[in-house]
Amino acid sequence: MAQAAAKAAMFVWEGTDKRGQKVKGEMSSSSDAHVKATLRRQGINPQRVKKKPAPLFGGGGKPIVPKDISIFSRQMATMMSAGVPLVQAFEIVGRGQEKPRMAKLILDVKAEVEAGNTLADSLAKHPLYFDELYIALVRAGEAAGILETLLDKIATYKEKIEKIKGKIKKALFYPAAVMIMAFIVTAVLMIFVIPQFAALFKDFGADLPAMTVMVVDASDFFVAYGYLIFASVGGAVFGIKTLNQRSAAFRAIVDRVSLKLPIIGDILTKATIARFARTLATMFAAGVPLVEAMDSVADAAGNIVYTEAIRKMRDEISTGQQLQVAMRDAGLFPNMVVQMVAIGEESGSIDAMLSKVADFYEEEVDDAVDAMSSLMEPLIMAVLGVLIGGMVIAMYLPIFKMGQVV
């Protein structure tokens, strides 16, 4: 038990192989003695083993992202399906990682498994990267003796979820990026370009067009209070980001409002339903009891409205209510989804029906994002044309007027 509780660390080692050639490397372990024993089992004579110093300023390379966990799950499933023992699979996958942080994470988990912990318990010690749903599926796989199958399902699930998240980000990124660029271009024109024209117009000795006066006044305001404008925008962005991270009430407001937005709200709703169906299908196929699965499904919903509704559904199911009835009572799921679940309950194939629902709504999200992108492109170009073109025309109107007088 003491060994199991020991904290893993990274060790740097040097030694000679069976042919007498010098070799060196790194290994995550609980002690230098364990590193030496492991090296000897691999046919290496350890000559020098020392603990690797921690990097300065919290270094360690690129951060671990969900895609890394998805690839790790797929690699482990492939290794175990090929008959490679669990610990050896961890060693192979860990050594093949390009990211130092990901390699350290895998080797840390390997050391905990070697110490006698189950894989689920070992992964649970890293909640930042392995959520409750992941742990529940691994635990179910270990209990049923189908760990490689469950790891393959986890990899497929994460790939699908990351794909749909990418679609949502694509839907939001394009208009946001254009708005930011429009703000930057407008600020540059207001601060540096229009004041030059305004100085030139002072020598005209004639009244300026109303449109030009309006733009020049706006420029004067921007030059005088530009620092306040930028500080306000930056403060608003920082404040929203901080509130979103720390305030559950604020996140709830954002989630509720986002579902009611035109176009975007429909895409978010479809994406949430797809995530709900995909998560529940994966959990149900793994043999996780429905009531227990609903907890993980609620956490994975990604929207507080659906999270609260799923938890109410869980309470109804725990009292003997059917899933289809609980979904209908929630009032958040389209009739088609409820009917598909009803058919699945009657035929005993809920996971298959939920997978079909997830596939359908993932395609719906793809189509909706593509349609929105096609609609937004000309709309954004028109807005930019009116904004930038309007300022350019306002600056050239006095010049045209002067040319007519001459």
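Per chain, the residues get numbers from 1 upward, laid out in the order the sequence is written. Reporting of local features is limited, given that this is a predicted model, to residues whose pLDDT is at least 70; pairs of side-chain atoms are given and counted only at 80 or more, and all residues count toward the totals for whole chains, interfaces and linings. Values reported for side chains reflect all heavy atoms of the structure, with hydrogen atoms and water molecules removed beforehand.

1. Looking at the overall build of the protein
Part 1: Elements are defined by DSSP. Helices are runs of H or I of four residues or more, strands are runs of E of two residues or more, and each kind is numbered from the N terminus. When you go through the protein residue by residue, the secondary structure sums to 16 helices and three strands.
Part 2: For 406 residues, the compact-globule estimate of 2.2 N^0.38 gives 22 Å, and the protein exceeds it by more than 25% at 30 Å.
Part 3: C-alpha atoms of the protein, sized along the principal axes, occupy 95 × 65 × 35 Å.
Part 4: With a 1.4 Å probe rolled over the protein chains alone, any residue whose accessible area is under 20% of its type maximum counts as buried; one over 50% counts as exposed, and the rest are partly exposed. Evaluated residue by residue, the protein yields a buried proportion of 41% over its 406 residues.
Part 5: All accessible-area figures derive from a Shrake-Rupley calculation using a 1.4 Å probe, and residue coverage is judged against the displayed protein chains alone. For the protein, the accessible surface area stands at approximately 22400 Å², while carbon and sulfur atoms represent 62% of it. With the radius of gyration taken over C-alpha atoms, the globule rule is written as 2.2 Å times the number of residues to the power 0.38.

2. Side note on the environment of alanine 199
Part 1: In this structure, alanine 199 sits in helix H8 (residues 147–201).
Part 2: With a relative accessible area of 44%, alanine 199 lands in the partly exposed category.
Part 3: Each C-alpha atom, one on alanine 199 and one on alanine 274, is 58 Å from the other, the two residues being 75 residues apart in sequence.

3. Considering the packing of aromatic side chains
Part 1: Two rings belonging to Phe, Tyr or Trp (six-membered ring only in the last case) form a pair when the distance between their centres is within 6.5 Å. Interplanar angles under 30 degrees mark stacking, angles over 60 mark edge-to-face geometry, and anything in between is tilted. Counted according to the given criterion, the structure contains 10 aromatic pairs.
Part 2: Note on phenylalanine 72 and phenylalanine 90: the rings are 5.9 Å apart at their centroids and 40° apart in plane angle, and the pair reads as tilted. Of this pair, phenylalanine 72 sits in helix H3 (residues 66–81) while phenylalanine 90 sits in helix H4 (residues 86–95), and the two are 18 residues apart along the sequence.
Part 3: Counting every residue linked through ring pairs, the aromatic cluster contains Phe72, Phe90, Phe130 and Tyr134.

4. What about unusual backbone geometry?
Part 1: Positive phi, normally seen in glycine, also occurs at isoleucine 263, with a value near 65°.
Part 2: In this fold, isoleucine 263 is placed in the loop between helix H10 (248–260) and helix H11 (264–285).

5. Side note on the side chain of glutamine 97
Part 1: Secondary-structure assignment places glutamine 97 in the loop between H4 and helix H5 (100–114).
Part 2: We define a polar contact as two N or O atoms separated by no more than 3.5 Å, with the added condition that, inside protein, one atom must be a possible hydrogen donor and the other a possible acceptor, whereas residues neighbouring each other in sequence contribute only through side-chain atom pairs. From its side chain, glutamine 97 meets the backbone oxygen of valine 93 in a polar contact 3.4 Å long.
Part 3: Here, two residues are considered to be in contact whenever any of their heavy atoms come within 4.5 Å of each other. Those residues in contact with glutamine 97 that sit more than four places away from it in its chain are Gln75, Met102, Ala103 and Ile106.

6. Re the packing of H8 against H11
Part 1: Angles shown run from 0 to 180 degrees and are taken between the N-to-C directions of axes, each axis being a line fitted to C-alpha atoms and, for helices, limited to the stretch in contact. The contact between H8 and H11 brings their axes to 10 Å, and the two run at 175°. Here H8 lies roughly antiparallel to H11, going by the angle between them. On H11, the residues touching Lys153, Tyr157, Lys160, Ile161, Ile164, Lys165, Ile168, Ala171 and Leu172 of H8 are Ile264, Ile267, Leu268, Ala271, Ala274, Arg275, Arg278, Thr279, Thr282 and Ala285.
Part 2: Looking at the contact of H8 with H11 residue by residue, the classes come out as 12 nonpolar, two polar and five charged. The cut-offs work like this: below 35 degrees is roughly parallel, past 145 is roughly antiparallel, 65 to 115 is roughly perpendicular, and the gaps in between are oblique. Polar here means any residue other than Ala, Val, Leu, Ile, Met, Phe, Trp, Tyr, Cys and Pro, which are nonpolar, and Asp, Glu, Lys and Arg, which are charged; Gly is therefore polar.

7. As for helix H2 (residues 32–41)
Part 1: Those residues of H2 not exposed but buried are His34, Val35, Thr38 and Leu39. Viewed along the axis of H2, the buried residues span an arc of 135°, placing them on a single side of the element. Pointing more than 90 degrees away from the buried face of H2 are the exposed residues Arg40 and Arg41.
Part 2: Just downstream of H2 lies glycine 43, where phi reads positive at about 85°. Note that the arc is defined by the directions from the helix axis to the C-beta atoms.

8. A word on the packing of helix H13 (residues 304–318) against helix H14 (residues 323–330)
Part 1: Put simply, H13 and H14 touch, their axes get as near as 9 Å, and they point 140° apart. Our classification of the angle between H13 and H14 gives oblique. Relative to H14, H13 is oriented so that their crossing is right-handed. Residues Ala309, Met313, Glu316 and Ile317 of H13 form the contact with H14, whose own contacting residues are Leu323, Ala326, Met327, Asp329 and Ala330.
Part 2: Here the residues of the contact of H13 with H14 are counted per class, giving seven nonpolar, no polar and two charged. Left-handed describes a crossing in which the near helix is turned anticlockwise from the far one by less than a right angle; the clockwise case is right-handed.

9. Focus on a nonpolar patch on the surface
Part 1: Exposure above 30% relative accessible area and the absence of a salt bridge qualify a residue for a patch, where like charges join within 9 Å and nonpolar side chains (Val, Leu, Ile, Met, Phe, Trp, Tyr) within 5 Å. Only one rule defines a salt bridge in this text: a Lys or Arg side-chain nitrogen within 4 Å of an Asp or Glu carboxyl oxygen. Taken together, Ile180, Met181, Phe183, Ile184, Val185, Val188, Phe192, Val193, Phe230, Val233 and Val237 make up a surface patch of nonpolar side chains, about 940 Å² in accessible area.
Part 2: Breaking the nonpolar patch down by element, the ones donating at least two residues are H8 and helix H9 (210–246).
Part 3: With eight residues, H8 is the single largest residue contributor to the nonpolar patch.
Part 4: With respect to the helices and strands, the residue valine 233 is situated in helix H9.

10. Quick notes on the pattern of salt bridges
Part 1: This structure, assessed with the given rule, holds 18 salt bridges.
Part 2: Between lysine 99 and aspartate 68 there is a salt bridge; the shortest N-O distance is 2.7 Å. With a gap of 31 residues between them, lysine 99 in the loop between H4 and H5 and aspartate 68 in helix H3 connect regions that are remote in the sequence.
Part 3: Put simply, glutamate 159 and arginine 74 hold a salt bridge, and the shortest N to O gap is 2.9 Å. Of this pair, glutamate 159 sits in helix H8 while arginine 74 sits in helix H3, placing them 85 residues apart in sequence.
Part 4: Here arginine 74 falls in the partly exposed class, since its relative accessible area comes to 24%.
Part 5: One network of salt bridges, with partners in common, ties together Glu91, Arg95, Lys110 and Glu114.

11. Details of the confidence of the model for the protein
Low pLDDT means the predicted coordinates in that region are not meant to be read closely.
Part 1: As a per-residue measure, pLDDT reflects the predictor's confidence and takes values from 0 up to 100. On average, the protein scores 83 in pLDDT, and the residues at 70 or more come to 93%.
Part 2: When the criterion is pLDDT under 50, residues 1–6 qualifies, and its contacts beyond four places in sequence or with other chains add up to seven contacts.
Part 3: Low confidence marks residues 55–59, where pLDDT is under 50. Its contacts with residues over four positions away, or in another chain, come to three contacts.

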